[in-house]
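Structural description and commentary
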Amino acid sequence: MKISEVTDWLESEYPASFAEEWDNVGLLVGDDQREVSKVFLALDLTEDTLDQAVSFGADLVITHHPMIFSGLKKINNHSFTGRRILKLLEHHMAYYAMHTNYDILGMADLSADYLGLQKRQVLTETAQRNGQPEGLGRVGELERPMSLGAFARSVKESLRLMDVRVYGDVDRQIQKVAVCTGSGKSLMSDVLASGADVYVTGDVDHHTGIDAVADGLAVIDAGHYGTEYIFVEAMREKLGRKFEQLKIQGARVRFPYQNF
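Here we have six strands laid out as an open sheet, ordered E5-E6-E8-E9-E10-E7, and mixed in their pairing. The open sheet has two edge strands, strand E5 (118-129) and strand E7 (165-167), and neither has a second partner. In this sheet, adjacent strand axes meet at a mean angle of 20° when their direction is disregarded. In the sheet, E7 pairs with strand E10 (residues 218-221) via three bridges, with the strands oriented antiparallel. From the neighbouring strand, Tyr167 faces E10, where its bridge partner is Val219.

Dropping the structure here:
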């Protein structure tokens, strides 16, 4: 089968038209008319994940975060982006990214599933699909109230994280939860308007955290990688069900930092 058969299906499931205007999604490198038998999945296209894809013998690499965000005037070995593009071409691998379109149409509900949220709604509406609102993040309720500390431990365990950062009183009882994977501080006004007791996201800076607490909102910072690496396994399962003839491998789970 051709690479275009895979990417066309991805486009039908997660149309690029749902991506944010600043984003860069779709086929970023390569020839989609080449044959594909092996697909490699990763959150980011780093030197490490690209080496894993080469060792696997991938024909197509799919990542969540795009390696290319803006226009390039030069593609050579003098930049890390150029070196990665050259390596993709050298090994005849096409490269496809699905970022905010997947955030909206996949990651939002996936993260709510991990947290066990019920009665969920779209946190920040960005579009509609089949007459239903779509957008970034979700807000919903836990099955039963629990302390902020207990919920933080649950987030850490369900996402298999090394740690989480908690802003707020860990003894406070919470039930209504908002979640946005990656870097979600830009949605803070919508989180506050939703009436959520706690917000789970990543990349929370000092002032965002303490200001949220002052507004009555607890925050759990589970990290950018920590909230989004779940993309790899979810997409592996979904592609595997659709294209049983493909061999699919996901990048090793490897956090981009270490605790000392």
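Nonpolar side chains tend toward joint burial in soluble globular proteins. Grouped together as the largest cluster of nonpolar side chains are 65 residues, with contacts concentrated most on Ile62, Phe151 and Leu239. Residues contacting Leu239, with those up to four places away along its chain left out, are Val6, Trp9, Leu10, Val39, Leu41, Ile62 and Ile248. In terms of nonpolar packing, the next biggest core, distinct from the first, is built from 18 residues, Leu50, Ala53, Ile85 and Ala97 among them.

This brings us to the packing of helix H1 (residues 3-13) against helix H9 (residues 230-242). Here H1 crosses H9 at 115°, and the two axes come no closer than 12 Å. Between H1 and H9 the crossing geometry is right-handed. Residues Val6, Trp9, Leu10 and Glu13 of H1 form the contact with H9, whose own contacting residues are Met235, Lys238, Leu239 and Lys242. Along the lines of polarity and charge, the residues of the contact of H1 with H9 split into five nonpolar, no polar and three charged.

Quick look at the sheet that holds strand E1 (residues 26-29) now. Overall, mixed pairing links the five strands, which are arranged E1-E4-E3-E2-E11 in an open sheet. With partners counted over all chains shown, the strands left at the sheet margins are E1 and strand E11 (247-250), one partner each. This sheet shows a mean twist of 25° between the axes of neighbouring strands, independent of strand direction. Relative to strand E4 (residues 94-97), strand E3 (residues 60-63) is paired through four bridges, and the arrangement is parallel. Looking across to E4, one finds that Ile62 is bridged to Tyr96. The strands touched by H9 are strand E2 (38-42), E3 and E11; relative to E2, the strand with the most contacts, the crossing angle is about 155°.

What follows covers the environment of Phe255. Mapped onto the elements of the fold, Phe255 is located in the segment after E11. Sequence separation between Phe255 and Val164 is 91 residues, and the spatial gap between their C-alpha atoms is 13 Å. Apart from residues no more than four positions distant in its own chain, Phe255 is found in contact with Arg160, Leu161, Met162, Tyr225, Gly226 and Tyr229.

Let us look at the pairing of E10. What you see with E10 is no split at all: Ala218 and Ile220 on one side and Val219 and Asp221 on the other are buried throughout. Two elements, strand E9 (residues 198-202) and E10, share four bridges in a ladder whose sense is parallel. When the bridges of E10 are listed, Thr201 appears paired with Asp221. In this region the chain leaves E9, passes through helix H7 (residues 206-214) and returns to the parallel neighbour E10; the handedness of that crossover is right-handed.

Moving on to the pattern of salt bridges. Inspection of the entire model under this criterion finds 15 salt bridges. A salt bridge links Glu35 to Lys2; its shortest N-O distance comes to 3.7 Å. You can see Glu35 sitting in the loop between E1 and E2 and its partner Lys2 sitting in the segment before H1, a full 33 residues away along the chain. Judged by its relative accessible area of 49%, Glu35 falls in the partly exposed class. Across the pair Lys119 and Glu141 runs a salt bridge, and its minimum N-O distance is 4.0 Å. Linking Lys119 in strand E5 with Glu141 in strand E6 (residues 132-147), this pair joins segments that are 22 residues apart in sequence.

You can see Asp103 is positioned in helix H4 (residues 100-115). Nearest to the buried, unbridged Asp103 among oppositely charged side chains is Arg138, at 10 Å. Residues within four places of Asp103 in sequence aside, it is in contact with His64, Ala108, Leu136, Thr181 and Glu228.

Criteria and thresholds
- Every chain's residues receive numbers from 1 upward, in the order its sequence appears when written.
- In view of the model being predicted, local features appear only for residues whose pLDDT reaches at least 70, and side-chain atom pairs are presented and counted only at 80 or more, with totals across whole chains, interfaces and linings using the full set of residues.
- To obtain the side-chain values, all non-hydrogen atoms of the structure were included, while hydrogens and water were left out.
- Strand pairing is assigned whenever DSSP detects at least two bridges linking the two strands.
- Runs of E in the DSSP output that reach at least two residues are strands. Runs of H or I that reach at least four are helices, and both are numbered from the N terminus.
- For every element, the axis is a line fit to its C-alpha atoms; helices are fit only across the contacting stretch, and the angle between N-to-C directions ranges from 0 to 180 degrees.
- Among the buried residues, those of types Ala, Val, Leu, Ile, Met, Phe, Trp, Tyr and Cys that are joined through side-chain atoms within 4.5 Å form a nonpolar core.
- With a 1.4 Å probe rolled over the protein chains alone, any residue whose accessible area is under 20% of its type maximum counts as buried; one over 50% counts as exposed, and the rest are partly exposed.
- Any pair of residues with heavy atoms lying within 4.5 Å of one another is described as a contacting pair.
- Rotating anticlockwise by less than a right angle from the far helix to the near helix defines a left-handed crossing, while the corresponding clockwise rotation defines a right-handed one.
- Residue classes follow a fixed rule: Ala, Val, Leu, Ile, Met, Phe, Trp, Tyr, Cys and Pro count as nonpolar, while Asp, Glu, Lys and Arg count as charged, and any other residue, Gly among them, counts as polar.
- Think of it like this: strands point away, you trace from the first strand over the helix to the second, and a clockwise trace means the crossover is right-handed.
- A side-chain nitrogen of Lys or Arg and a carboxyl oxygen of Asp or Glu constitute a salt bridge if their distance falls within 4 Å.
- We score Asp and Glu as negative and Lys and Arg as positive, and we do not count His or the chain ends.

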